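A closer look at the structure
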Amino acid sequence: MALPKFARRVAKTIYFIALSFPVGRTLGPAEGWFDYEFAHRIGEVFSGRGEIGQDRLYEVYTYIGLITILLITTLLYLLTMTLLKKIRNK
């Protein structure tokens, strides 16, 4: 009885990971869609005023992109799981 539950969890995890790839490819690099000044301000919060360099700025862009991809993927995942549950219950 525990095996089908484990298989569903594995399938859902694989679906979440597979869903994150097209989301990331669609968004593209964060430098293209996120404001430089705002990223610089965020970097200064973590590094200190005047201490942010180009390497640190790219780290900020990476984290912003990763967090955005995870948020969008989570929303799409929850939406599709809700729709599948409604379809299955009909």
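Preceding this paragraph is the structure being described.
Read on for an overview of the structure. Since the model is a prediction, treat every value here as computed from it, not as a measurement.

Examining the environment of Thr74
Mapped onto the elements of the fold, Thr74 is located in helix 4 (residues 54-89). With relative accessibility at 31%, the residue Thr74 sits in the partly exposed group. When the C-alpha positions of Thr74 and Ser20 are compared, they lie 8.7 Å apart, and in sequence the two are 54 residues distant.

Some thoughts on the environment of Ser47
Considering the arrangement of structural elements, one finds Ser47 in helix 3 (residues 36-47). Expressed as a C-alpha distance, the spacing of Ser47 and Lys90, which sit 43 residues apart in the sequence, is 53 Å. With sequence-adjacent residues up to four places away left out, Ser47 is seen in contact with Ile52 and Arg56.

Some words on the nonpolar core
Counting 8 residues, the largest nonpolar core consists of Ala30, Phe34, Ala39, Ile52, Leu57, Val60, Tyr61 and Ile64. When residues of this core are assigned to their parent elements, the largest contribution, 4 residues, is made by helix 4. Each residue touching Ala30, except ones within four places of it in the same chain, is listed here: Tyr61 and Gly65.

Things to note about the pattern of salt bridges
Counting across every chain of the model gives 2 salt bridges. Here Arg56 and Glu59 are joined by a salt bridge, their closest N and O atoms 2.8 Å apart. Taken as a pair, Arg56 and Glu59 lie in helix 4 at a separation of 3 residues, close to a single helical turn.

Re the packing of aromatic side chains
For the structure on display, the rule yields 4 aromatic pairs. Ring geometry for Tyr15 and Tyr77: centres 5.9 Å apart, planes at 40°, overall tilted. One end of the pair, Tyr15, is in helix 1 (residues 2-27); the other, Tyr77, is in helix 4, with 62 residues separating them in the sequence. We classify Tyr15 as partly exposed; its relative accessible area is 29%. Relative accessible area serves as the criterion here: at 16%, Tyr77 is assigned to the buried category. When the centroid spacing of 5.6 Å and the interplanar angle of 50° are considered together, the rings of Phe34 and Phe38 count as tilted. Each residue in the set Tyr15, Phe16 and Tyr77 is aromatic and connected to the rest through ring pairs, giving one cluster.

Criteria and cut-off values
- Residues numbered from 1 in each chain as written.
- Predicted model: local features only at pLDDT ≥ 70, side-chain atom pairs only at ≥ 80, totals over all residues.
- Heavy atoms only, no water.
- Helix = DSSP H or I, 4+ residues; strand = E, 2+ residues; numbered from the N terminus.
- Buried < 20%, exposed > 50% of the residue type's maximum accessible area, 1.4 Å probe, protein only.
- Contact = heavy atoms within 4.5 Å.
- Core = buried A, V, L, I, M, F, W, Y, C linked by side-chain atoms within 4.5 Å.
- Salt bridge = Lys/Arg side-chain N within 4 Å of Asp/Glu carboxyl O.
- Phe/Tyr/Trp six-rings, centres within 6.5 Å; stacked < 30°, edge-to-face > 60°.

Distances and angles like these do not, on their own, reveal function.
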